[in-house]
Structure formats: C-alpha cells, structure tokens
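Each chain, written out:
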Amino acid sequence: QTCALPICVHIPGRKEMSITNEILTFTNPEHVYVPLVEQGVPATCLVKVGDKVKLGQVIAEKGGRFPIPMHAPVSGEVVSINQKMWHASGRMVETVVIKNDFQETKHESIKPNNTDALTREQIIEIVKNCGIVGLGGSCFPTYVKYQTTLPIDVVIINAAECEPYITADYMLIKTRVNELIGGIKFIMRATNAPKAVIAIKKTKEELIEILNNHLANEENISVFLLPDVYPAGWEKYIVQKVCKKTYRGLPSEAGAVVNNVGTAIAIYHAVTNNMPLIEKVVTFTGDGFNNPQNVYVKIGTDIREVLAKIGGYNNEVTEANLIAGGPMTGKAVAFDSLVVHRSLGSVIVQSRKIRLVNPECMGCGKCCDICPVRLSPILIKRTLEDKDYELLADFKANNCMECGLCSYVCPSRIELTDAVVRAKTALATRK
C-alpha cells in the first residue's frame, strides 16, 4: 500500500545547548519514585512498605493488554507505595518510593547470557522480562513488536530525534555506538529480519561519519538519510521513506519493525546480562537552566536532585515553563517535583513569552494544511465545544498523532493540539 508522504516543516531547534557537554552520570539519588502508571494504564504493586529490595527486582507490573514488569532501580527499602509525584503526563500519580542503600546489590536474575545460543523466542522473552519499552516517548512494550507472525524485511532504528531540543539519542550514538550496533543485531534475530537501517537526519554529519565508520564491515546494517524536517521521526513517515509503502495499523504490515536508539541500547544490555530498564539518558535543556546537558539517571529519580548537580536554574529567567518531554509533544508541569519514568526523554525549562492578546481563528486553514494525518484541527475543536460526538467521530480525531504542528503554525496561538487530544479522550470514554 503506497501513500503520499505527509507535509513536513523545518523547525529551527536549540540542540546545540545540550551537546557541548559530555553525558553526566547521576545514579545515586537518595530516593527513587517508580510511577505506578504507564501509557495511562495502572500498575499492580508487588511490594509493601518495609520490604528490602534488590536492584533489578520486579516491584510492579503494568496490566492491560500488554503487561510488562517494572523493576527496582536501586537496592534499598520500600518506604511508601502511594506517595504522589508529578508525571510526564501532566498529572500526579502514585509511586513506589525506595530509600537507596547505595549498595547497588543486584537481583540474582542479573547475570550474563550465552547470547550465541539464544533462540528468537528466548530473546523476546528476555526483552519482556527486562521491561524494555519504547524510549522515544511511546513507552509501548517492545516485545509485542517482535511477536508478529508477518515477515519482517527490515529493522529500522529511528535516530531522527526531530523534537527541537532533545539530544539524548545524539549523545548515545556519539558515545555508545558499539552497544547500539549490538542491540540492532539482537533485534534482527528477534524479528528474523535480514537487514537493518539507522534512519538519521542528513544534517547530523558528525554522527553519520561515526556510524559509517563503525558499520564499514557490517553487510546487513546501513545508514538511511532523512530530510531535516518535522515530524521526520514519526514512525509512519520513516517506514514510508525506507520501505516505499505504508500501513494501517502496525509497521509490520509493511515488513518493518521500528525501534528507538535508546531502546536498542537497552536491548543490548538486557540480552547480554539480563539487565532490566532501570537507567536512561534524559536531556535537561532550555535557557532556564544554568548548564543544559544530558544526564544518565535512574528511573524514578526526582529531577530536583538532578538540577542540583547541573547548576540549577538560571536566575535571569524569571518567567518560564517547565515541560516534561519535547516542546512539540510534551506537557507543561506545574511543579518541579517531577520524576523520571521509562519514556521521559527530556525536561525543558524555557523562558515564557507572554502574548497578551490571542485573536480568534483567522480562518487561514494552516492547521489543516500542515496536519500529517490530514485532519481539520480547528473543526475538531469547535465540534468538541459543541459536544457533537457523532460528528467528532466523523472528523477522525482518533487519528491524531499529537505532533503539535497545528498549534505550532497557528497564527492565533490557539491550543489546537490540546483540543484534539481532549476530543480523542472524549471519544474513547464514550465507547
């Protein structure tokens, strides 16, 4: 099934702010706060207050259609199972709080594997048991992608990182390329894919050179260049560019499996040593920070501890927004008691530009022209306000990919993306 590529735009970013420093490692917080929710689905807590836990021990399991375990990022004592903290979803959620004993005592399950002897099914099971999820923001359980019965022609590593401020994948490629390639090979075995490509924007010349040098002797892994546009990191866009065809439901329909750079590296450590996903790189950036940079942190870290390590806030910025995630797709958070969860890619503190007068819709149609999935955001917003849910369904609000482009191009600064997301939620709750 072929399809015309969506309209894309070049968005000037501020990536240079966070790539001048090396990745800072901060893996010894006083406490970790593991959120008991993921993808909006609650998780069942498997520990109680007073329990001693080891690093990598399963402490909760996300339920729903695709269950997946959550692990203790540190060893120590469970001191709470219901303390609420801010989450990247923009709301407060209950967390499992573990007081760090700073011993890093590993659970018995964390041990080296004989990777050469592993079957496809065993690799998939390891990926599931280690709690590997999409680190590009989706948090979708990775093992599900590998369980397809459809033939997979290519593994695509999404290295576009098209959010204007995030540079976690940039720094991972720069510093951990061997782990990335190792992870790709495991993914190819898990999917029986004969080849893989690393899809990256053509403007990232430094990374392209690094990748080409390390792939010189790899016959089945290559670099695929993408244009420097947004949303080039959209899964469907990348599949269309690489495979020359599209799909309705999942990339496997087009013979592809897509994973993020960080996910591939996490898979490398999972398959090699049964290491669960308990640490990740998060970009802390924006003019509201004194020293923007990428930080390697434990899942569940309170970002206030990280801020103390990177120099804190820029006092010259008096009015700012704190955004959990990228500026295009993230959520504004009211307080900085925000915890790192498995798919949080960045924390941005950016000076607030106040526009005193927001005019009504001008009828320019830019939001409709720019939408990658061909929606009419302003009509969806009006229909939601009229509570005409039958018409709302006809406008296919459920197809919104929440890229943020409609809000970005709107000359009236109408929060169209938020309105369409509310419409999706309204339709879902009425089913």
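Here goes a summary of the coordinates provided. (Residues numbered from 1 in each chain as written. Predicted model: local features only at pLDDT ≥ 70, side-chain atom pairs only at ≥ 80, totals over all residues. Heavy atoms only, no water.)

### As for the overall build of the protein chain
- A tally of regular secondary structure across the protein chain gives 13 helices and 18 strands.
- The globule rule puts the C-alpha radius of gyration for 431 residues at 22 Å, and the 21 Å found for the protein chain is close to it.
- Seen through its C-alpha atoms, the protein chain measures out along the principal axes to roughly 60 × 50 × 45 Å.
- Out of the 431 residues in the protein chain, the part that is buried amounts to 53%.
- In the protein chain, of all internal contacts separated by at least 6 residues, the share reaching a separation of at least 24 is 72%.
- Only carbon and sulfur atoms are counted for the fraction: they give 49% of the accessible area of the protein chain, which is about 19,400 Å².
- Both charge centroids of the protein chain, one from 48 positive and one from 44 negative side chains, sit 4 Å from each other. (Helix = DSSP H or I, 4+ residues; strand = E, 2+ residues; numbered from the N terminus. Rg over C-alpha atoms; globule rule 2.2 N^0.38 Å. Buried < 20%, exposed > 50% of the residue type's maximum accessible area, 1.4 Å probe, protein only. Contact = heavy atoms within 4.5 Å. Areas by Shrake-Rupley, 256 points an atom, 1.4 Å probe, with all protein chains shown as cover. Lys, Arg positive; Asp, Glu negative; His and termini not counted. Charge placed at Lys NZ, Arg CZ, Asp CG, Glu CD.)

### Side note on the packing of helix 10 (residues 377-385) against helix 13 (residues 416-429)
- One can describe the packing of helix 10 onto helix 13 by two numbers: an axis separation of 9 Å at closest approach and a directional angle of 55 degrees. As judged from the angle between their axes, helix 10 and helix 13 are oblique. For the pair helix 10 and helix 13, the sense of crossing is left-handed. Facing Pro377, Ile378, Ile380, Lys381 and Leu384 of helix 10, the residues of helix 13 in contact are Leu416, Ala419, Val420, Arg422, Ala423 and Ala426.
- Here the residues of the contact of helix 10 with helix 13 are counted per class, giving nine nonpolar, no polar and two charged. (Axes fitted to C-alpha atoms, helices over the stretch in contact; angles between N-to-C directions. Parallel < 35°, antiparallel > 145°, perpendicular 65-115°, else oblique. Left-handed = near helix turned anticlockwise from the far one by under 90°. Nonpolar A, V, L, I, M, F, W, Y, C, P; charged D, E, K, R; others polar.)

### Let's talk about empty space enclosed by the protein
- Taken as a whole and judged by the stated rule, the model has two cavities of 30 Å³ or more.
- Quantified by volume, the largest cavity comes out at close to 90 Å³.
- Surrounding the largest cavity, 14 residues form its lining, Cys371, Pro377, Cys400, Cys403 and Cys406 being those nearest its centre.
- At the level of elements, helix 12 (405-409) and helix 13 are the ones that each hand at least two residues to the lining of the largest cavity.
- Partitioned by chemical class, the residues of the lining of the largest cavity number 11 nonpolar, two polar and one charged.
- Estimated volume of the second largest cavity: approximately 80 Å³.
- In this structure, the second largest cavity is lined by Val34, Pro35, Val37, Glu38, Met70, His71, Leu277, Ile299, His341 and Arg342.
- Breaking the lining of the second largest cavity down by element, the ones donating at least two residues are strand 2 (31-35), strand 3 (37-38) and strand 7 (68-71). (1 Å grid on protein atoms, 1.4 Å probe; cavity = no way out; pocket = protein on both sides within 12 Å on 5 of 7 lines; lining within 4 Å. Points joined across faces, edges and corners; volume = space filled by probe spheres on them.)

### Quick look at the packing of aromatic side chains
- Per the counting criterion, the structure on display carries five aromatic pairs.
- Note on Phe289 and Tyr313: the rings are 6.0 Å apart at their centroids and 10 degrees apart in plane angle, and the pair reads as stacked. Here Phe289 is found in the loop between strand 14 (279-285) and strand 15 (293-298), whereas its partner Tyr313 is found in the loop between helix 8 (303-309) and strand 16 (320-324), with 24 residues between them in sequence.
- Using a relative accessible area of 33% as the deciding quantity, one classes Tyr313 as partly exposed.
- These aromatic residues form a ring-pair network of at least three members: Phe284, Phe289 and Tyr313.
- Sitting over the ring of Tyr296, Arg176 keeps its end group 4.6 Å from the ring centre. (Phe/Tyr/Trp six-rings, centres within 6.5 Å; stacked < 30°, edge-to-face > 60°. Lys NZ or Arg CZ within 6 Å of the ring centre and 35° of its normal.)

### Observations regarding the sheet that holds strand 7
- With respect to topology, four strands assemble into an open sheet ordered 3-4-6-7, the strand pairing being antiparallel. On the outer flanks of this sheet lie strand 3 and strand 7, each paired with one strand and no other. (Pairing = 2+ DSSP bridges.)

### Notes on the pairing of strand 12 (residues 221-226)
- Inspection of the sheet shows strand 11 (residues 195-201) paired to strand 12 by six bridges, in the parallel sense. Looking at strand 12, one finds that Ala199 is bridged to Phe224.
- Regarding the hand of the β-α-β motif, the stretch spanning strand 11, helix 5 (residues 205-214) and strand 12 is right-handed. (Right-handed = clockwise from strand over helix to strand, strands pointing away.)

### Re the sheet that holds strand 15
- Sheet architecture is open: six strands sit in the order 1-15-14-18-16-17, paired in mixed fashion. Strands with a single pairing partner mark the edges of an open sheet, and in this sheet they are strand 1 (24-26) and strand 17 (331-332).
- Note: strand 16 against strand 18 (residues 346-351), five bridges, orientation antiparallel. Counterpart to Leu322 in the pairing with strand 18 is Val349.

### Remarks on the environment of Pro12
- For Pro12, the position within the fold is in the segment before strand 1.
- Residue Pro12 is classed as exposed on the basis of its relative accessible area, which comes to 59%.
- For the pair Pro12 and Glu163, spaced 151 residues apart in the sequence, the C-alpha separation amounts to 9.9 Å.

### Let's talk about helix 5
- Listed as buried for helix 5 are Leu207, Ile208, Ile210 and Leu211. The arc that holds every buried residue of helix 5, seen down its axis, measures 160 degrees, which confines them to one face. Exposed and oriented more than 90 degrees from the buried face of helix 5 are Glu205, Glu209 and Asn213. (Arc of directions from axis to C-beta.)

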